[in-house]
Amino acid sequence: KAGVTQTPRYLIKTRGQQVTLSCSPISGHRSVSWYQQTPGQGLQFLFEYFSETQRNKGNFPGRFSGRQFSNSRSEMNVSTLELGDSALYLCASSSGGFQETQYFGPGTRLLVL
Amino acid sequence: SQKIEQNSEALNIQEGKTATLTCNYTNYSPAYLQWYRQDPGRGPVFLLLIRENEKEKRKERLKVTFDTTLKQSLFHITASQPADSATYLCALGSGYALNFGKGTSLLVTP
């Protein structure tokens with residue numbers, strides 16, 4: 001099976017812009033979770049989608065949003081970018097059951113200037 | 001507030017020794033705990049899962065313990081090898097969400 005893919009892999013934006021990141025889960029997986037990873041805060045949970053519905057949400061401002069399509073692919077959007085949004089954004093997929101292993105993609109490295 | 005703590009200092013050990021990594025948590029009642037490995041520039045990779053009613057789990061050279069009274073998990077790598085050098089993350093789960101610690105960097109030297 002192909003792994004989780006994320007596009008783009010690298011991105012440079014300026015403050016105030018918005019960005020959309022994409023994630024394609026492992027075939028058959030219905031759950032996609034998004035995480036932000038920074039050296040200072042570590043890996044922080046953003047949100048999780050299952051069957052096109054947001055099932056869990058972390059403690060991030062409303063500038064961070066996401067959606068999931070019927071084919072389980074997911075996108076996350078960050079509006080009005082701030083310097084502090086510079087991070088590695090990781091998505092992970094699973095079958096969506098309780099206590100499931102999460103399979104991570106390689107991440108998108110976002111730099112906000 | 002909920003807190004997950006892993007040793008922030010890197011752990012340096014000699015090849016062949018046992019590496020022991022610690023994960024402590026507060027204000028949390030996880031139903032399960034997972035350990036992941038992360039190499040630079042890559043996403044985390046799942047290693048082991050242990051449930052709240054389990055004391056110990058093993059997989060090849062890996063062993064994890066889970067003490068819900070002490071609110072602590074220990075992760076052991078026996079007969080460590082330089083290829084085990086990476087950052088190891090613990091993640092606590094309740095429901096469908098995972099909350100990660102900041103990870104501990106392990107360096108195994110020949």
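Quick caveat: nothing in here was measured; it's all calculated off a predicted structure. (Residues numbered from 1 in each chain as written. Chains lettered and ligands numbered in written order. Predicted model: local features only at pLDDT ≥ 70, side-chain atom pairs only at ≥ 80, totals over all residues. Heavy atoms only, no water.)

## A word on the overall build of chain A
Condition: Comment: elements are numbered from the N terminus, with helices defined as DSSP H or I runs of at least four residues and strands as E runs of at least two. Atoms counted for the radius of gyration: C-alpha only. Globule rule: 2.2 Å times residue count to the power 0.38.
Within chain A, the regular secondary structure consists of zero helices and 11 strands. Starting at the N terminus and walking to the C terminus, you meet the elements of chain A as β-β-β-β-β-β-β-β-β-β-β. In terms of overall dimensions, chain A is globule-like: its C-alpha atoms have a radius of gyration of 13 Å, near the 13 Å expected for 113 residues. Referenced to the eigenvectors of the C-alpha coordinate spread, the extents of chain A come out at roughly 35 × 25 × 25 Å.

## Description of the side chain of Ser80(B)
Residues and elements named next belong to chain B. Rules: A 3.5 Å cut-off defines polar contacts: any pair of N or O atoms within that distance qualifies, except that in protein one atom must be a possible hydrogen donor and the other a possible acceptor, and neighbouring residues in sequence count only when both atoms are side-chain atoms.
Within the secondary structure layout, Ser80 lies in the loop between strand 8 (72-77) and strand 9 (86-94). At a separation of 3.5 Å, a polar atom in the side chain of Ser80 contacts the main-chain carbonyl oxygen of Gln14. There is a polar contact of 2.7 Å between the side chain of Ser80 and the backbone oxygen of Lys17.

## What to know about the sheet that holds strand 1 (residues 3-6) of chain B
Residue and element names in this part refer to chain B. Going by this rule: The pairing criterion is simple: DSSP has to find at least two bridges between the two strands. All axes are obtained by fitting lines to C-alpha atoms, using only the stretch in contact for helices, and the reported angles, taken between N-to-C directions, cover 0 to 180 degrees.
Reading across the sheet, the five strands line up as 1-3-8-7-6 and stay open at both edges, with antiparallel pairing between neighbours. The strands lining the two open edges of the sheet, one partner per strand, are strand 1 and strand 6 (56-59). Neighbour to neighbour, the strand axes of the sheet diverge by 15° on average, direction disregarded.

## Focus on unusual backbone geometry
Residues and elements named next belong to chain A. Across the junction of Thr7 and Pro8, the peptide omega takes the value -10°, indicating a cis bond. Assignment of secondary structure puts Pro8 in the loop between strand 1 (5-7) and strand 2 (10-13). The backbone phi angle of Glu52 is positive, close to 70°, even though this residue is not glycine. Its place among the elements puts Glu52 in the loop between strand 5 (42-50) and strand 6 (53-57).

## Things to note about the nonpolar core
Across soluble globular proteins, nonpolar side chains have a tendency to be buried as a group. We apply this condition: The definition of a nonpolar core used throughout is a set of buried Ala, Val, Leu, Ile, Met, Phe, Trp, Tyr and Cys residues joined through side-chain atoms within 4.5 Å. A 1.4 Å probe rolled over the protein chains alone gives each residue an accessible area, and that area as a share of the maximum for its type sets the label: buried under 20%, exposed over 50%, partly exposed in between.
Counting 23 residues, the largest nonpolar core has Trp35(B), Phe75(B), Tyr88(B) and Leu92(B) as its most contacted members. Breaking this core down by element, the ones donating at least two residues are strand 3 (19-26), strand 4 (32-38), strand 5 (45-51), strand 7 (62-67), strand 8, strand 9 and strand 11 (104-109) of chain B. In this structure, Val19(A), Leu21(A), Phe60(A) and Tyr89(A) belong to the second largest nonpolar core, which totals 21 residues.

## Re the sheet that holds strand 3 (residues 19-24) of chain A
Strand pairs in the sheet, formed through backbone hydrogen bonds, run parallel or antiparallel to each other. All names here are of chain A. Sheet architecture is open: four strands sit in the order 1-3-8-7, paired in antiparallel fashion. Strands with a single pairing partner mark the edges of an open sheet, and in this sheet they are strand 1 and strand 7 (64-68). Averaged over all pairs of adjacent strands, the angle between strand axes in this sheet comes to 20°, irrespective of strand direction. Bridge count between strand 3 and strand 8 (residues 74-78): five bridges; the pairing is antiparallel. In the strand pairing of strand 8, Val19 is matched with Val78.

## With respect to the interface of chain B and chain A
In plain terms, the rule: Two residues form a contact once any of their heavy atoms are found within 4.5 Å. Throughout, buried area stands for the accessible area (probe radius 1.4 Å) lost by two parts on being put together, summed over both. By definition, a salt bridge exists where a carboxyl oxygen of Asp or Glu is found within 4 Å of a side-chain nitrogen of Lys or Arg.
Contacts between chain B and chain A engage 20 residues on the former and 23 residues on the latter. In total, about 1700 Å² of surface goes out of reach between chain B and chain A, with carbon and sulfur atoms giving 56% of it. Considering only the surface of chain B that becomes buried against chain A, Tyr96(B), Phe100(B) and Lys102(B) emerge as the three largest contributors, covering 33% of it. One can count zero salt bridges joining chain B with chain A.

## Looking at a nonpolar patch on the surface
All names here are of chain A. Basically, it comes down to this: A patch is a set of surface residues, each over 30% in relative accessible area and not in a salt bridge, joined within 9 Å for like charges and within 5 Å for the nonpolar side chains Val, Leu, Ile, Met, Phe, Trp and Tyr. Calculation of accessible area relied on Shrake-Rupley with a 1.4 Å probe; when residues are assessed, cover is drawn exclusively from the protein chains displayed.
There is a patch of nonpolar side chains on the surface, built from Ile12, Leu111 and Leu113 and spanning about 300 Å² of accessible area. Structurally, the position occupied by Leu113 is in the segment after strand 11 (108-112). Residue classification places Leu113 among the exposed positions, given a relative accessible area of 53%.

## Details of the environment of Arg37(B)
Residue and element names in this part refer to chain B. With respect to the helices, strands and loops of the structure, Arg37 is situated in strand 4. Looking at Arg37, the relative accessible area reads 19%, which means it is buried. Ignoring any residue separated from it by four or fewer positions in sequence, one finds Arg37 in contact with Gly43, Pro44, Val45, Leu47, Ala83, Asp84, Ser85, Ala86, Thr87 and Tyr88. Here the side chain of Arg37 touches Ala83 through a polar contact of 2.8 Å, landing on its backbone oxygen.

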